[in-house]
Amino acid sequence: AATTFGSNDIARYDKLVRDLSKASRQTSGAIPIEFLTRTLSSLGLETHRQNFSVSHPFTETAERMHTGCNVFGVVRASRIASTESLVLAATWRKDNIRGVAQTITMGALMKKQSYWAKDIIVLIADQEVWGAEAWLEAYHGYSKSAYLQADSLPAWAGSIQAAICLDIASDRFSSFDILPDGINGQMPNLDLINLVRYLSWQAGVDVTFNGRGGHSVTQG
C-alpha cells in the first residue's frame, strides 16, 4: 500500500488549499465549520464537532467572551481495538490554511490504509491554543481552567500516544522547525522525531529544533 503522497494526494491538497481559501473569505476568516465537517465526512472519517467558549479576564477590549468550534474526524484502526491513538492537528488561521489542508490530506491517505495499530484523529482546532485545550480537556475528562467552558465530546478514540501539529505558511520552503514538547516538560517520543528527521533528509529538506541547531541534509 502507498505510504507517500501520489499525484492524486497532491491534487487533493492543492484543491483543498483553494477551497479552504474560498471558504475563509466566505466566513470572513472564521473557521468554516460546515465545509470542514462536510470534507472530513466525504473522505470517510467519523466526523464530529465540539463547541467551546473562552472568557479572557485580562483582555483590554470590551469583548471578553469568545466562542469557537473544533472539528475532528477519526480513522478507526481496523485490526485492533481502539486502545491507542495518534493525533494529527492544525490550528485554524488564515495564514495556516496550508497546514489545515496538509493535515486533512494526510488523514485521507491514512484512511485508505488497513494496517494501522492505532486510531488516527484529525483535529482542526479553533481559537489557537484555546481550541486545542478545550478538546484535550474534554477528551481526558477534566477541566483545569476557570475561563474555558467546552462541550463534552460525542466520540473518543484510544489513549493518545503522540500528536503532530502542522503550521505551514507557504508552499515554498527549504527547511522546517520541530518544536518538541512532552508531558510535564519531558521530551516526547524520540522515535517519532527521528522518523520526521529521516523523512526530511530523504526529501532533501533541512530541519531545525526550536529554531536552533538545525541538521543539514548535506551533513549526512
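Described in the following lines is the structure provided in the data block. Predicted model, so just to flag it, every value in this text is computed and none were measured.

Digging into the packing of aromatic side chains
In this description, a pair of aromatic rings is defined by centroid distance and the angle of the planes. What the rule picks out here adds up to four aromatic pairs. With a centroid separation of 5.8 Å and 70 degrees between ring planes, the pair formed by Phe 72 and Trp 135 is classed as edge-to-face. Of the two residues, Phe 72 sits in strand β2 (residues 65–75) while Trp 135 sits in helix α4 (residues 129–140), which places them 63 residues apart along the sequence. Overall, Phe 72 belongs to the buried group, its relative accessible area being 1%. For Trp 135, a relative accessible area of 1% translates into the label buried. Through a chain of ring-to-ring contacts, the aromatic side chains of Phe 72, Trp 135 and Tyr 139 assemble into a single cluster.

Regarding the sheet that holds strand β1 (residues 46–55)
Spatial ordering of the open sheet is given by β5-β1-β2-β4-β3-β6, a layout of six strands whose pairing is mixed. For this open sheet the edge positions go to β5 (148–150) and β6 (159–166), each flanked by a neighbour on one side alone. Going across the sheet, the axis of each strand differs from the next one's by a mean of 25 degrees, ignoring polarity. Note that β2 and strand β4 (residues 119–125) share five bridges and pair antiparallel. Bridging across to β4, Val 75 finds its partner in Ile 120. Packing against the sheet, helix α2 (residues 33–42) makes contact with β1, β2 and β4, and its axis sits at approximately 10 degrees to β2. Where α4 meets the sheet, it contacts β1, β2, β3 (84–91), β4, β5 and β6, and its direction lies at approximately 115 degrees from that of β1.

Conventions used here
Residues numbered from 1 in each chain as written. Predicted model: local features only at pLDDT ≥ 70, side-chain atom pairs only at ≥ 80, totals over all residues. Heavy atoms only, no water. Phe/Tyr/Trp six-rings, centres within 6.5 Å; stacked < 30°, edge-to-face > 60°. Helix = DSSP H or I, 4+ residues; strand = E, 2+ residues; numbered from the N terminus. Buried < 20%, exposed > 50% of the residue type's maximum accessible area, 1.4 Å probe, protein only. Pairing = 2+ DSSP bridges. Axes fitted to C-alpha atoms, helices over the stretch in contact; angles between N-to-C directions. Contact = heavy atoms within 4.5 Å.

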